[in-house]
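# Examining the three-dimensional arrangement
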Amino acid sequence: MAASTAAGKQRIPKVAKVKNKAPAEVQITAEQLLREAKERELELLPPPPQQKITDEEELNDYKLRKRKTFEDNIRKNRTVISNWIKYAQWEESLKEIQRARSIYERALDVDYRNITLWLKYAEMEMKNRQVNHARNIWDRAITTLPRVNQFWYKYTYMEEMLGNIAGARQVFERWMEWRPEEQAWHSYINFELRYKEVDRARTIYERFVLVHPDVKNWIKYARFEEKHGYFAHARKVYERAVEFFGDEHMDEHLYVAFAKFEENQKEFERVRVIYKYALDRISKQEAQELFKNYTIFEKKFGDRRGIEDIIVSKRRFQYEEEVKANPHNYDAWFDYLRLVESDAEAETVREVYERAIANVPPVQEKRHWKRYIYLWINYALYEELEAKDPERTRQVYQASLELIPHKKFTFAKMWLLYAQFEIRQKNLPFARRALGTSIGKCPKNKLFKGYIELELQLREFDRCRKLYEKFLEFGPENCTSWIKFAELETILGDIERARAIYELAISQPRLDMPEVLWKSYIDFEIEQEETERTRNLYRRLLQRTQHVKVWISFAQFELSSGKEGSLAKCRQIYEEANKTMRNCEEKEERLMLLESWRNFEDEFGTASDKERVDKLMPEKVKKRRKVQADDGSDAGWEEYYDYIFPEDAANQPNLKLLAMAKLWKKQQQEKEAGEQDPDTDTAEREAGPS
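This is a predicted model, so every value here is computed, not measured. (Residues numbered from 1 in each chain as written. Predicted model: local features only at pLDDT ≥ 70, side-chain atom pairs only at ≥ 80, totals over all residues. Heavy atoms only, no water.)

### Comments concerning the packing of aromatic side chains
Note the threshold: Side-chain rings of Phe, Tyr and Trp (the six-membered ring for Trp) are treated as a pair once their centres are within 6.5 Å; stacked means planes under 30 degrees apart, edge-to-face means over 60, and tilted covers the remaining angles. Strands here mean DSSP runs of E at least two residues long; helices mean DSSP runs of H or I at least four residues long; both are numbered from the N terminus. Think of it in three bands: with a 1.4 Å probe and only protein chains considered, a residue is buried below 20% of the maximum accessible area for its type, exposed above 50%, and partly exposed in between. Only lysine NZ and arginine CZ atoms are considered, and such an atom sits over a ring when it is within 6 Å of the ring centre and within 35 degrees of the ring normal.
A complete count under the given rule lists 20 aromatic pairs for this structure. Ring geometry for Phe191 against Tyr195: centres 5.4 Å apart, planes inclined by 65°, an arrangement best described as edge-to-face. For the ring pair Tyr255 and Tyr277, a centre distance of 6.0 Å and an interplane angle of 40° mean the geometry is tilted. A residue pair is termed long-range when its members are at least 10 positions apart, and Tyr255 in helix α14 (residues 252-264) and Tyr277 in helix α15 (residues 268-281) qualify at 22 residues. For Tyr255, a relative accessible area of 3% puts it in the buried group. The positively charged end of Arg202 is found above the aromatic ring belonging to Tyr230, 4.6 Å away from the centroid.

In structure tokens, the structure reads:
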């Protein structure tokens, strides 16, 4: 009674709370645990003791226990076929064939679609030389699952191994009624050929090419006839194939195979007729292999010049048909001109070019002219490089430039190509006149750049200055042009002029890349070692933008100036930037500034400076906010990280309250942990007497 009372009074000790939740210094991975378990062999069970059966009673007892185990496994889950197969194989190992059959039949009642089950059943019958039983199983299998090719292969192989050729043939015929895949037909054909039944194989091929009417199967049929010496039959098969596919489904591989067959029979005229017939009817893209084989054939047995003339004339006819059907198909004109240029007189080529450029796009929109203008470019290049006629080249360029509607659009490429041609002909005034006309008619950035580059190569710097002035009048927002102009003046040694260009550039109301321009100006002043000017530039830039990268760059400039007091100035800029960016909504930028400041203090500052910056670093807090879908409906909540800066927290009473709540919670946890030890001692004392 006293013991039970003591037990009743016993208090359940509190679960010790983990005070330090930081990760351990030495981490243990799952891989290490597994390796240790393997080394100590903790999971290895001792092998079961071997049982020696000495009499029939023990054997029957063993059989009964095993059968009960198997039946229990099957009863638990009838659908696990591996249990049935293990059971049947165990019975088979005891030579209990009838019992094994019964198990397989029960398993088939559960899942007759299981292929492995049928295969194991039939293999058992074959291993025990029960041929009729095996036949019966195969018959049932192919009747139940006729699309499983493995059953048919095994069945025919068994019949052939037994020497029952007629039976195997009968099985193949039953299989072919299902129109199986190509490999099945090849197996049947190879079976007949093993027994020298060529006529039967031919009959099978006749059915095969109708069931699977692919070009490769017709070619295999013809090669089968050729291999067995039936050349007339092979030729007839090829002719039937050509007729079967007709003009709508022509395939170059069929004609290549047909031509090679005739080539082997030394029928060279037939080969030519086949190749010509195919080339006349198959499109260029689909007849690459055909053309290649025809060329090889003519190299071997014919006149190459003759075949090239045939191909060129044939292709010319095709291109003529294409350009007649659609005169504005410029890609067809390009192919036609390439063919004509490779094998024709200059007058013929010019005639085709004149016909091509006469097809002016009907709409005055640049996208319709982009392909057309290359006809003129190719024409001019042909006259210059192939025909060696500079005067005609000049006429081509001038005619093209007169044709382009410059008031609506122009092609800078055409003007520049013409100018470069005139320079190659040593006609510099003509080139300058052409580029000047282009800038007057249709100014474009590409034209200005090309003209300036030309004058730079000629070292005409005064002309470059004038061109840059015109260029900047045309496009004052183009920062690259301002920078290039200033760089030119810097190279020429006129620093004041370069500085004036930069000043004029940054005063523009619209600029496409102002940050690049300001950076270039600052780099220019740094190169000139104008520290005070650079500092003023940074101040002017900060009046326009308060971007964090500008502040950091300014601080790094002061640090790298190398003058006395540079560290103090750098620190002063960081402090000024921090004050300025307190009102910045982009907290990541403010964090970036503080990190840059901290890196500076880590390298150059004292301990107190480092501590001061560390106190300014924000706390990373995970928060939640509502997400709205495109239609304005609520799409749930999302988590995001926010930064709380100490300077901001001091001004917000809510954050002060939150910090005090966290401190109170921490104190409560420590108090509870301190009360835990006395409770544990009391519990031990009360449990002692019982």
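### Notes on unusual backbone geometry
Unusually for a residue other than glycine, Arg129 sits at a positive phi of about 60°. Of the residues examined, Arg129 reaches a relative accessible area of 73% and is grouped as exposed. If you check the backbone angles, Lys196 has positive phi at about 60° while not being a glycine.

### Focus on the packing of helix α10 (residues 182-194) against helix α11 (residues 198-211)
What counts here: To obtain an axis, a line is fitted to C-alpha atoms, over the contacting stretch when the element is a helix, and the angle between two such axes runs from 0 to 180 degrees between their N-to-C directions. The labels follow the angle: roughly parallel below 35 degrees, roughly antiparallel above 145, roughly perpendicular from 65 to 115, and oblique for the rest. By definition, residues are in contact when any of their heavy atoms lie within 4.5 Å.
Running from N to C, α10 and α11 cross one another at 170°; their axes reach a closest spacing of 9 Å. Looking at the two axes, α10 sits roughly antiparallel to α11. On the side of α10, the interface is formed by Glu182, Trp185, His186, Tyr188, Ile189, Glu192 and Leu193, while α11 contributes Arg200, Ala201, Ile204, Tyr205, Arg207, Phe208 and Val211.

### Side note on the environment of Val198
As for its placement among the helices and strands, Val198 is situated in helix α11. When its relative accessible area of 17% is taken as the criterion, Val198 is described as buried. The spatial distance from the C-alpha of Val198 to the C-alpha of Glu225 is 9.3 Å, given a sequence separation of 27 residues. The contact partners of Val198, leaving out residues within four places of it in the chain, are Phe224, His228 and Tyr230.

### Remarks on helix α3 (residues 56-76)
The condition is simple: By definition here, a helix of n residues has an expected span of 1.5 Å times n minus one. Note that the arc is defined by the directions from the helix axis to the C-beta atoms.
Its 21 residues give α3 an end-to-end C-alpha distance of 30 Å, which sits within 8% of 30 Å, the value for a rise of 1.5 Å per residue. All of the buried residues in α3 are Lys63, Arg67, Phe70 and Ile74. The buried residues of α3 all sit within an arc of 65° when viewed along its axis, so they share a single face. Pointing more than 90 degrees away from the buried face of α3 are the exposed residues Glu57, Leu64, Lys68, Arg75 and Lys76. Buried-residue contacts for α3 involve α4 (81-93) and α5 (97-110).

### Focus: the nonpolar core
Put simply, the test is: Remark: nonpolar core denotes a set of buried residues (Ala, Val, Leu, Ile, Met, Phe, Trp, Tyr, Cys) joined through side-chain atoms within 4.5 Å.
Counting 78 residues, the largest nonpolar core has Phe151, Tyr238, Leu254, Tyr255 and Leu290 as the members making the most contacts within it. Among the elements that make up this core, the one with the highest residue count is α14 (7 residues). For Phe151, the residues in contact, after removing those within four places along its chain, are Ile115, Trp118, Leu119, Trp138, Ala141, Ile142 and Leu145. In this structure, Trp369, Ile373, Leu375 and Met414 belong to the second largest nonpolar core, which totals 34 residues.

### Things to note about the pattern of salt bridges
Operational definition: The rule for a salt bridge is simple: a side-chain nitrogen of Lys or Arg has to be within 4 Å of a carboxyl oxygen of Asp or Glu.
Following the criterion strictly, the structure yields 26 salt bridges and no others. A salt bridge links Lys68 to Asp72, with the shortest nitrogen-to-oxygen separation between them at 3.3 Å. Placement of the pair is Lys68 and Asp72 together in helix α3, with a separation of 4 residues, close to one helical turn. A residue is classified by how much of its surface remains accessible, and Asp72, at 22% relative accessible area, is partly exposed. Across the salt bridge formed by Arg101 and Glu125, the nearest N and O atoms sit 2.6 Å from each other. Of the two residues, Arg101 is situated in helix α5 and Glu125 in helix α6 (residues 115-127); the sequence distance between them amounts to 24 residues. For Glu125, a relative accessible area of 0% corresponds to the buried category.

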